[in-house]
Amino acid sequence: MLNTQELDQRAREIIRQNDMGGYTVPTHGLYPYQWNWDSAFSAWGTATFDTTTGWAEMETLMNAQWDTGMVPHIVFHKLDPGYFPGPDVWQTGHTPPTSGITQPPVAASMVKLMMLDDSENGLQKARDLFPKLKAWHAWFMRERCESGAVAIMHPWESGRDNARDWDGAMANIDPSNVGEYTRRDTSHVDSSMRPTKEDYDRFITLVHQGRDLHWDQSKIREQGYFRVACPGMTFILMRANLDLAIIAKSLGEPTDEIDAWSETLQKGATTLWNAERQHYDSLDLRTGEFAGCLSNASFLCWYGDAGNDTMFEHYERVLSISKYPVPSLDPADPHFDSLRYWRGPTWGIINTLIGQGFHYNGYDDKATTLRKATADLIQEHGFAEYFDPNNGQPAGGSDFTWTAAIWLAWASPSAPQTLDSE
Ligand code: GLC
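A brief structural summary. (Residues numbered from 1 in each chain as written. Predicted model: local features only at pLDDT ≥ 70, side-chain atom pairs only at ≥ 80, totals over all residues. Heavy atoms only, no water.)

## A few points about the packing of helix α6 (residues 122-143) against helix α11 (residues 231-251)
Link 1 in the chain: Relative orientation of the contacting elements α6 and α11 amounts to 140 degrees, with a least axis distance of 10 Å. Taken together, the axes of α6 and α11 lie oblique to each other. Considering only the axes of α6 and α11, their crossing is left-handed. Contacts between α6 and α11 involve Leu123, Ala126, Arg127, Phe130, Leu133, Lys134, His137, Phe140 and Met141 on the former and, on the latter, Met233, Leu237, Ala240, Asn241, Leu244, Ile247, Ala248, Ser250 and Leu251. (Axes fitted to C-alpha atoms, helices over the stretch in contact; angles between N-to-C directions. Helix = DSSP H or I, 4+ residues; strand = E, 2+ residues; numbered from the N terminus. Parallel < 35°, antiparallel > 145°, perpendicular 65-115°, else oblique. Left-handed = near helix turned anticlockwise from the far one by under 90°. Contact = heavy atoms within 4.5 Å.)

So this is what it looks like as C-alpha cells:
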C-alpha cells in the first residue's frame, strides 16, 4: 500500500497524464474531452501543486460559455471517435463545439477555494472569472428555477447519469424513434458497471429532442420529455451562490442580486422535502411526483445549508450499513446495485462536497470521519472513477482525474483544508 507522500505523487502524475494542454480529460479512452464539473475539481486539485495550470483549466472551461450564460457539460476540443455522442449528434453550432446541456455548477466554489489558497494571483484570477460565473448562475436562476429548486432537462446534467432518481421520469419517455447508434462506453468499461440500453436509448432521445428544439430553453421547458428538480443541483447551486457572494465581497462587488438568488433557492429547496418519506428527494416537474429514493445527492443538504436532524438520522443509518461510505443510493433501496455507476457505488467527489457541507455547518467531527473514510478507500483501492461501497472494489475508469484532484485538495492528510473565508 502506498503511503501519503507516494499517493500525493501518484495523484499528481495522474493529473499530468490526463492534461491535454489547458484542460484535463476525466480519464483517457472512456472520457476523451473536457467535462464541466470534472474540470472544476481538477483545477482545484491541480492548483495544490501548480497554480498556473489549475487556473488555466478553469479559464478554458469558462471560455466555452455560451452567450446565454450556460456553461456546457462537455467541450469537444479535439475530435475523438472513441466517444459517443460527439458534436455531430449534439449539433449546437457553438465554437468550440460543445454539448447542449450543463452540469453541476461547482466552479464558483472551486474558484473561491483556489482564490483563498493563492495569495499572489488569486484575486486577479477571481476578478477575471467573476462575470462569467455570475452569468452562469443567472442563467440557472432564469431558465431552470421555475419551481424554486433547480430543474434538469437531461439526467446527464445532474452528473448522476443513471441515478434511481430518474427512473419514473425516464419511464415516461418513448424511445422508439431513437434509431440506430453505437455506444462507445461499453467498449472501455464492463457493461455491468454502466447504464443499461433502456437508459441509453432515452439519453439519446433527449439529446435528439434538444437538438430539434435548437437548444432553446423556453421551448425545452414547455415541450421537454424530461424535467426533474434535482436536490444535488439545487444544493450545489446554493453553496455556489454563497461562495460567489464571498468572491464578490473580496472584489468589492455588490452582492444583492446573488443574495436574492440564495433566498429563492432556500425556499425552493423546501419543495424537495418528501414529507411522506421524510427526506430530500427528486421531484418530477411534469407529473408532480417524487422519485421516492434517498441518494448521496440528498446528503448534500448541509452543503446547501439546508440540513436537518432527520437527514442526520438517515445519514447515520446509511453509514452503519456501508463499509466505504457514502453510497450513491440507500443500500436499503431494492434497486441498490453496488457496482452500477450512480445506483449504489461511492464517489469521492460527492463525499468531498458532503464533507465540506458538514464543515461549513460546524460538524467538524463528521467532516473528519468522512474525509478519513474516503482517504482509506483511495489508499486501499486506488484512484478509480468510483467504488463498491461494500468492499471498496474500484470500478469504472481508472487513473481518474477527479479522484486524484480530491485526494490532493481534500482527502490526503497533506491537503490544505482551506474552506473558510469571510
Ligand atoms: C459520467 C458521470 C459524470 C461525469 C462524466 C465524466 O457521465 O456521470 O458525472 O462528469 O462521466 O467523468
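Read on, since the account is not over.
## As for helix α5 (residues 107-117)
Link 1 in the chain: Counted residue by residue, α5 has nine buried out of 11 residues, so it is predominantly covered.
Link 2 in the chain: Taken as a whole, α5 has its buried residues at Ala107, Ala108, Ser109, Met110, Val111, Lys112, Leu113, Met114 and Met115.
Link 3 in the chain: Considering only its buried residues, α5 is in contact with α2 (36-46), α3 (51-63), α6, α11 and α14 (348-360). (Buried < 20%, exposed > 50% of the residue type's maximum accessible area, 1.4 Å probe, protein only.)

## Considerations on the sheet that holds strand β3 (residues 151-152)
Link 1 in the chain: Here three strands make up an open sheet; going across it, the order is β3-β4-β7 and the pairing antiparallel. Whereas interior strands pair on both sides, the edge strands pair on one side only; in this sheet they are β3 and β7 (283-284). (Pairing = 2+ DSSP bridges.)

## Some words on the side chain of serine 282
Link 1 in the chain: Residue position: serine 282 is located in the loop between β6 (279-280) and β7.
Link 2 in the chain: There is a polar contact of 2.7 Å between the side chain of serine 282 and the side chain of aspartate 165.
Link 3 in the chain: Beyond its immediate sequence surroundings of up to four residues, serine 282 is in contact with Arg160, Asp165, Trp166, Val228, Ala229, Cys230, Pro231, Glu289, Phe290 and Ala291. (Polar contact = N/O pair within 3.5 Å; in protein donor to acceptor, adjacent residues only side chain to side chain.)

## Let's talk about the site of the ligand
Link 1 in the chain: As a structural note, the neighbourhood of the ligand is formed by Pro26, Tyr31, Trp35, Trp37, Asp38, Gln103, Gly159, Asp161, Tyr341, Trp342, Phe400 and Trp402.
Link 2 in the chain: Here tryptophan 342 contributes a side-chain N or O atom positioned 2.9 Å from an oxygen atom of the ligand.
Link 3 in the chain: Burial of the ligand by the protein chains amounts to 97% of its free accessible area of 310 Å².
Link 4 in the chain: Split into classes, the residues belonging to the shell around the ligand amount to eight nonpolar, two polar and two charged. (Near = heavy atom within 4 Å. Areas by Shrake-Rupley, 256 points an atom, 1.4 Å probe, with all protein chains shown as cover. Nonpolar A, V, L, I, M, F, W, Y, C, P; charged D, E, K, R; others polar.)

## A closer look at the environment of threonine 60
Link 1 in the chain: Within the secondary structure, threonine 60 sits in helix α3.
Link 2 in the chain: Sequence separation between threonine 60 and glutamine 34 is 26 residues, and the spatial gap between their C-alpha atoms is 9.2 Å.
Link 3 in the chain: Beyond its immediate stretch of four places on either side in the chain, threonine 60 contacts Gly22, Tyr23, Gln34 and His77.
Link 4 in the chain: There is a polar contact of 2.8 Å between the side chain of threonine 60 and the backbone oxygen of alanine 56.

## Focus: the packing of α5 against α6
Link 1 in the chain: Where α5 contacts α6, the two axes come as close as 10 Å, and the packing angle between them is 170 degrees. Taken together, the axes of α5 and α6 lie roughly antiparallel to each other. In this structure, α5 contributes Ala107, Ala108, Val111 and Met115 to the contact, and α6 contributes Gly122, Leu123, Ala126, Leu129, Leu133, Trp136 and His137.
Link 2 in the chain: A per-class count over the contact of α5 with α6 returns nine nonpolar, two polar and no charged.

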